[in-house]
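Residue-level listing of the chains:
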Amino acid sequence: MDERLIQSAFRELRSAKHVLVVSHIRPDGDAVGSLIGLGLSLQNLGKEVQMVLSDGMPKIFRHLPGSDQVKHRPTGSFDMTLVLDCSDIERTGSSLSDNPIPDVNLDHHPTNTGFARYNLVDEKAVATSEILAEYLPKFGFPISKQVADALLFGMITDTLGFRTNNMTPKALQLAAQLMEVGGDLPRLYQRGLLSRTFEAALYWGAGLSGLKRDGRMLWATLALEDRRIVGYPGNDDADLISLLSTIEGADVAIMFVEQGNGHVKVSWRSQPEFDVSQVALNFGGGGHAAAAGASIKGELNDIQANVLAITKSILEL
Ligand code: AMP
Ligand code: MN
Ligand code: MN
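The present account deals with the structure reproduced in this document. Model, not experiment: these values are computed from the prediction.

**Here's the deal with the overall build of the protein**
Phase 1 of the analysis: Of the regular secondary structure elements, the protein holds 11 helices and 11 strands.
Phase 2 of the analysis: In terms of overall size, the protein behaves like a compact globule, its C-alpha atoms giving a radius of gyration of 19 Å where 317 residues would be expected to give roughly 20 Å.
Phase 3 of the analysis: Viewed in the frame of its principal axes, the protein has a C-alpha envelope of about 55 × 40 × 35 Å.
Phase 4 of the analysis: Counting only contacts in the protein whose residues sit at least 6 apart along the sequence, the fraction spanning at least 24 positions is 64%.
Phase 5 of the analysis: Accessible surface, the protein as shown: approximately 14,000 Å² in total, 51% of it carbon and sulfur.
Phase 6 of the analysis: The centroid of the 29 positive side-chain charges in the protein is displaced by 3 Å from the centroid of its 38 negative side-chain charges.

So, in structure tokens, the structure goes:
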């Protein structure tokens with residue numbers, strides 16, 4: 001991270017009065033945590049802040065204070081626009097509305113395309129929330145208990161509870177600092193990683209019943225019909241991919257989730273020797289070496305065959 005660049009960006013942010021903060025479509029815990037963490041901190045400085053997610057706030061994150069402020073679309077005009085946890089501008093969906101090139105792109109994805117005036121990308125950070133936990137206090141932006149909870153939530157969820165292979169002592173130290181100002185680690189851990197609905201458990205069952213393996217590659221599929229039968233309300237995999245990646249011998253785990261819009265959401269997870277972000281890029285997606293995703297247009301069976309063949313070939317599995 002270029003310290004001078006981030007310092008200039010935050011200096012501009014200090015003097016901005018109307019601020020728009022957005023994050024990515026299909027928001028995860030880090031998208032939501034970094035959005036609310038920064039949004040509330042700016043509000044505590046008396047700024048007028050709009051926090052926007054194109055897909056709105058998912059139900060599972062509504063326990064976070066401030067989540068009720070998040071809107072689907074921005075209204076009015078802004079002195080400054082910030083995009084969090086997005087590797088490319090398409091990931092913002094329609095959250096920027098007709099606002100021009102964003103001022104700040106704050107992220108930790110190695111596949112970030114650098115689409116803003118200030119591109120602040122720290123690939124070593126385990127979460128965008130970690131970057132905020134480091135720099136907000138450095139530049140005099142307050143971290144209240146609510147801000148700490150939001151940022152800690154982003155760090156916990158992106159690292160699956162501080163256990164992904166990109167974990168660093170620095171991330172743990174920053175998480176400890178968030179706890180010192182009131183971040184409630186056990187509660188956030190429970191809400192973010194452990195508790196799930198009955199329908200999600202049934203949905204996992206549907207996915208696990210079709211689990212397949214080919215050498216070091218392992219995959220599962222969730223079709224629209226599976227969701228309908230069990231009554232699962234989301235269009236995601238209920239994080240089944242994290243379970244797949246714990247199965248012995250799965251150097252690369254892949255999840256296929258059929259979408260209602262003629263697309264299939266594909267997620268990859270891998271052991272350290274394999275860089276799945278390169279495979280995802282090949283399909284118009286992106287992500288990290290060990291966790292990547294893409295949304296691919298087409299029919300489920302065709303996409304599955306193609307993705308399996310190309311993953312196998314690129315990673316020489
Ligand atoms: P997921 O499989 O959706 O949990 O995503 C794993 C990682 O890949 C996350 O870091 C996402 O930000 C990234 N990712 C997922 N889908 C896409 C996409 N369509 N384009 C770019 N990055 C993605
Ligand atoms: Mn994210
Ligand atoms: Mn993230």
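Structure shown, so let's carry the discussion forward.
**A few points about the coordination of the manganese ion (ligand 2)**
Phase 1 of the analysis: Taken together, the protein ligands of the manganese ion (ligand 2) are His24 (NE2), Asp28 (OD), Asp28 (OD) and Asp85 (OD), with distances of 2.1 to 2.6 Å.
Phase 2 of the analysis: Mapping the donors of the manganese ion (ligand 2) onto the primary sequence yields the spacing H-x3-D-x56-D.
Phase 3 of the analysis: Between the manganese ion (ligand 2) and the manganese ion (ligand 3) the interatomic distance amounts to 3.6 Å, and Asp85 serves as a bridging ligand to the pair. Here His24, found in the loop between β1 (18-22) and α2 (29-44), pairs with Asp85, found in the loop between β3 (80-84) and β4 (104-107); they are 61 residues apart in sequence, far enough to count as distant.
Phase 4 of the analysis: In this structure Asp85 comes out as buried when scored by relative accessible area, which is 1%.

**As for the coordination of the manganese ion (ligand 3)**
Phase 1 of the analysis: Summarising the metal site, the manganese ion (ligand 3) is bound by the protein donors Asp30 (OD), Asp85 (OD), His108 (NE2) and Asp158 (OD), whose distances to it range over 2.2 to 2.3 Å.
Phase 2 of the analysis: In the primary sequence, the donor residues of the manganese ion (ligand 3) line up as D-x54-D-x22-H-x49-D.
Phase 3 of the analysis: We classify Asp30 as buried; its relative accessible area is 0%.
Phase 4 of the analysis: A relative accessible area of 21% places Asp158 in the partly exposed class.

**Regarding the side chain of Ser41**
Phase 1 of the analysis: Tracing the backbone shows Ser41 in helix α2.
Phase 2 of the analysis: A relative accessible area of 0% means that Ser41 is categorised as buried.
Phase 3 of the analysis: Apart from the residues lying within four places of it in its own chain, the contact partners of Ser41 are Leu136, Phe141, Pro142 and Val147.

**Structural notes on the sheet that holds strand β8 (residues 252-258)**
Sheet strands associate in pairs through backbone hydrogen bonding, adopting either a parallel or an antiparallel arrangement.
Phase 1 of the analysis: Spatially, the 6 strands line up as an open sheet ordered β6-β7-β8-β9-β11-β10, and their pairing is mixed. Edge strands, defined here as strands with exactly one partner in the open sheet, are β6 (212-214) and β10 (286-287).
Phase 2 of the analysis: As defined by bridge partners, strand β9 (residues 263-270) adjoins strand β11 (residues 291-297) across 7 bridges and the pair is classed as antiparallel. By the bridge assignment for β11, Val266 is matched with Ala294.
Phase 3 of the analysis: Here helix α7 (residues 198-209) sits on the sheet in contact with β7 (217-222) and β8, set at roughly 130 degrees to β7.

**Side note on the sheet that holds strand β5 (residues 118-121)**
Phase 1 of the analysis: Spatially, the 5 strands line up as an open sheet ordered β2-β1-β3-β4-β5, and their pairing is parallel. The outermost strands of the open sheet, each flanked by one partner alone, are β2 (48-52) and β5. Pairwise comparison of adjacent strand axes, ignoring direction, gives a mean angle of 15 degrees for this sheet.
Phase 2 of the analysis: Relative to β5, β4 runs parallel, the two sharing 4 bridges.

**A few points about the pairing of β7**
Phase 1 of the analysis: The element β7 is largely enclosed, with a buried count of 5 among its 6 residues.
Phase 2 of the analysis: Note that β6 and β7 share 3 bridges and pair antiparallel. Considered in β7, the bridge of Arg213 is made with Leu218.
Phase 3 of the analysis: Connecting β6 to the antiparallel partner β7 that follows it, the hairpin turn spans 2 residues, and Gly215 within it adopts a positive phi of roughly 60 degrees.
Phase 4 of the analysis: Two elements, β7 and β8, share 6 bridges in a ladder whose sense is parallel. Within β8, the position partnered with Ala220 by the bridge is Met255.

**So, the site of ligand 1**
Phase 1 of the analysis: In the vicinity of ligand 1, 15 residues are found, and the nearest of them are Arg91, His109, Lys265, Ser267 and Arg269.
Phase 2 of the analysis: Note that an oxygen atom of ligand 1 is positioned 2.7 Å from one of the side-chain N or O atoms of Arg269.
Phase 3 of the analysis: Contacts to ligand 1 include Gly293, whose backbone N or O atom sits 3.2 Å from an oxygen atom.
Phase 4 of the analysis: Burial of ligand 1 by the protein amounts to 83% of the accessible area it has alone, namely 480 Å².
Phase 5 of the analysis: Classifying every residue of the shell around ligand 1 by side-chain character gives 3 nonpolar, 9 polar and 3 charged.

Conventions adopted
- Residues numbered from 1 in each chain as written.
- Chains lettered and ligands numbered in written order.
- Predicted model: local features only at pLDDT ≥ 70, side-chain atom pairs only at ≥ 80, totals over all residues.
- Heavy atoms only, no water.
- Helix = DSSP H or I, 4+ residues; strand = E, 2+ residues; numbered from the N terminus.
- Rg over C-alpha atoms; globule rule 2.2 N^0.38 Å.
- Contact = heavy atoms within 4.5 Å.
- Areas by Shrake-Rupley, 256 points an atom, 1.4 Å probe, with all protein chains shown as cover.
- Lys, Arg positive; Asp, Glu negative; His and termini not counted.
- Charge placed at Lys NZ, Arg CZ, Asp CG, Glu CD.
- Donors = N, O, S within 2.8 Å, 3.2 Å for Na, K, Ca; no water.
- Buried < 20%, exposed > 50% of the residue type's maximum accessible area, 1.4 Å probe, protein only.
- Pairing = 2+ DSSP bridges.
- Axes fitted to C-alpha atoms, helices over the stretch in contact; angles between N-to-C directions.
- Near = heavy atom within 4 Å.
- Polar contact = N/O pair within 3.5 Å; in protein donor to acceptor, adjacent residues only side chain to side chain.
- Nonpolar A, V, L, I, M, F, W, Y, C, P; charged D, E, K, R; others polar.

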